[in-house]
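Given next are the chains, with one letter for each unit.
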Amino acid sequence: GVLGGFVFRQEKLLPGTLFGKKQFRYFGVELVNVKHPKEVQTSTGYTGQRFIPGKENYLFVLRTQYGRSLALFRRSSDEGVAVNAIFAAGPSLGIIKPYFVEVAEGNHVTNVPFANTINGTNPKGYGEAIGAGGFFQGLGQSQLTVGLNLKAAVSFELSAFHNNTTGVEIGFLTEIFPSKIIIIPNTDNRSFFTSGYISLFFGSKK
């Protein structure tokens, strides 16, 4: 998606060089929403509200990453653009949360897991979904899984002011979990994920 999550990153200059380049210790924390390629929102004919047909679970991932950042090109003073190459890896905590939707029950609306509706995969007497449920509903029913992630990226850093920095990070990330994670049943669900990404960052430097 356009907004996939949030990232915190920190770099610290290290003594010596790596492959002849100035090196930094890289540490990052990411919280992202991993989507299935077949997720498509639709509007209901009853209320016009939107929901994702077939979606049974959210997959949120909390990633920690440790690695190295190498200075490929350095800016002169506070002008120009600094280009760094980043290589990092670390553990991933996957949070599998049920996807809730609204269904009409007589004269009132109730929220249930999509899997429990008649257009879900395991009908349990509820009607058709008429809209998306609350985002935090089902959080207590979440399941956890642990995996590994690895990323390679290039960051372009600008300094508008002496102690501030802004820039963009463009990279590729792979991630693996011990078993398949069901987001939309009866489709291509996986335990191994790949993605390309663009992150905008704002921060400070010392």
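See the structure above.
My aim in this report is to walk through the structure given alongside it, one point at a time.

Rules used throughout
- Residues numbered from 1 in each chain as written.
- Predicted model: local features only at pLDDT ≥ 70, side-chain atom pairs only at ≥ 80, totals over all residues.
- Heavy atoms only, no water.
- Helix = DSSP H or I, 4+ residues; strand = E, 2+ residues; numbered from the N terminus.
- Rg over C-alpha atoms; globule rule 2.2 N^0.38 Å.
- Buried < 20%, exposed > 50% of the residue type's maximum accessible area, 1.4 Å probe, protein only.
- Contact = heavy atoms within 4.5 Å.
- Pairing = 2+ DSSP bridges.
- Axes fitted to C-alpha atoms, helices over the stretch in contact; angles between N-to-C directions.
- Phe/Tyr/Trp six-rings, centres within 6.5 Å; stacked < 30°, edge-to-face > 60°.
- Lys NZ or Arg CZ within 6 Å of the ring centre and 35° of its normal.

## Some details on the overall build of the protein chain
Next, step 1: Check the secondary structure of the protein chain and you find zero helices and twelve strands.
Next, step 2: Of the regular secondary structure in the protein chain, the N- to C-terminal order runs β-β-β-β-β-β-β-β-β-β-β-β.
Next, step 3: Its C-alpha atoms give the protein chain a radius of gyration of 21 Å, more than 25% over the compact-globule value 17 Å for 206 residues.
Next, step 4: Across its three principal directions, the C-alpha atoms of the protein chain cover 70 × 35 × 25 Å.
Next, step 5: Residue burial in the protein chain is summarised as follows: out of 206 residues, 39% are buried.
Next, step 6: Within the protein chain, residue pairs in contact and separated by at least 24 positions form 66% of the contacts whose partners lie at least 6 positions apart.

## Section: unusual backbone geometry
Next, step 1: For Phe-19, which is not a glycine, the phi torsion comes out positive at approximately 55°.
Next, step 2: Inspection of the secondary structure assignment puts Phe-19 in the loop between strand S1 (5-18) and strand S2 (21-34).
Next, step 3: Judged by its relative accessible area of 72%, Phe-19 is exposed.
Next, step 4: With a phi angle near 60°, Asn-186 is a residue other than glycine that sits in the positive phi range.
Next, step 5: Locating Asn-186 in the fold gives a position in the loop between strand S11 (164-181) and strand S12 (190-204).
Next, step 6: Residue classification places Asn-186 among the exposed residues on the basis of a relative accessible area of 78%.

## What about the sheet that holds strand S8 (residues 108-113)?
Next, step 1: The strand order S8-S7-S9 describes an open sheet built from three strands, whose pairing is antiparallel. Two strands bound the open sheet, and with one partner strand each, they are S8 and strand S9 (129-132). Across this sheet, the average inter-strand angle for adjacent strands is 40°, counted without regard to direction.
Next, step 2: Where strand S7 (residues 100-105) and S8 come together, six bridges link them in antiparallel fashion.

## A word on the packing of aromatic side chains
Next, step 1: For the coordinates displayed, the defined rule picks out seven aromatic pairs.
Next, step 2: One Lys or Arg, Arg-9, reaches over the ring of Phe-201 and ends 4.3 Å from the middle of that ring.

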